[in-house]
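Chain residues, written in single-letter form:
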Amino acid sequence: MGTLAVIIISIVIVIHLYIVWMEMFAWETLGRKVFKGALPDELFRPTKGLAANQGLYNGFLAAGLIWSFLITDPIWSDHVAVFFLGCIAVAGIYGAISASRKILFVQTLPALAGMLAILLKS
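Here the structure is a predicted model, which is why all the values come from computation and not from measurement. (Residues numbered from 1 in each chain as written. Predicted model: local features only at pLDDT ≥ 70, side-chain atom pairs only at ≥ 80, totals over all residues. Heavy atoms only, no water.)

Trainee: Go over the overall build of the protein with me, naming the residues and quoting the values.
Mentor: Helix and strand content of the protein: 5 helices and 0 strands. Going from N to C terminus, the protein has its helices and strands arranged as α-α-α-α-α. By its C-alpha atoms, the protein is 50 × 25 × 20 Å across when sized along the principal axes. Expressed as a percentage of the 122 residues in the protein, the buried residues total 42%. Intrachain contacts of the protein at a sequence separation of at least 6 include 59% that bridge at least 24 residues. Per element, the accessible surface of the protein, about 7,200 Å² overall, is 72% carbon and sulfur. Computing the positive centroid from 8 side-chain charges and the negative centroid from 6, the protein places the two 9 Å apart. (Helix = DSSP H or I, 4+ residues; strand = E, 2+ residues; numbered from the N terminus. Buried < 20%, exposed > 50% of the residue type's maximum accessible area, 1.4 Å probe, protein only. Contact = heavy atoms within 4.5 Å. Areas by Shrake-Rupley, 256 points an atom, 1.4 Å probe, with all protein chains shown as cover. Lys, Arg positive; Asp, Glu negative; His and termini not counted. Charge placed at Lys NZ, Arg CZ, Asp CG, Glu CD.)

Trainee: Could you give an account of the packing of aromatic side chains, with specific residues and numbers?
Mentor: For any pair of aromatic rings, geometry is given as the distance between the ring centres together with the angle between the planes. Counted under the stated rule, the structure contains 6 aromatic pairs. The interplanar angle of 45° and the centroid separation of 5.0 Å between the aromatic rings of Trp27 and Phe44 together place this pair among those described as tilted. Of the two residues, Trp27 is situated in helix 2 (residues 27-34) and Phe44 in the loop between helix 2 and helix 3 (48-70); the sequence distance between them amounts to 17 residues. Phe44 carries the same exposure label as Trp27, and that label is buried. Measuring from ring centre to ring centre gives 5.1 Å for Phe83 and Phe84, while their planes differ by 85°; the resulting arrangement is edge-to-face. (Phe/Tyr/Trp six-rings, centres within 6.5 Å; stacked < 30°, edge-to-face > 60°.)

Don't take any of this as a statement about function, it's just geometry.
Structure follows, in structure tokens:
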């Protein structure tokens, strides 16, 4: 995996760890600010469990990308990274359609940039 790909994927990992923290532990405070307008204020408390579950899935995506860094075979490492980045990009597209367009820029574009960096290196 090239240096640019490692840098971009590291940024995607940090973004997703932040999302994990927000959705699992700060849904009623920070989540309310981040998703202002996408969800009425009175729904943050009753959706706390749902958001935590969603945060856990974002954690799995970050874990998959971290795992790609630990794989010693470069081809396998690239394939695992592209798979998880693809999952993130698709989830970001769906999130942009169903929740907030901002997700497209925060989640999908960095994932696509990471995929492009991997594919151009090959």
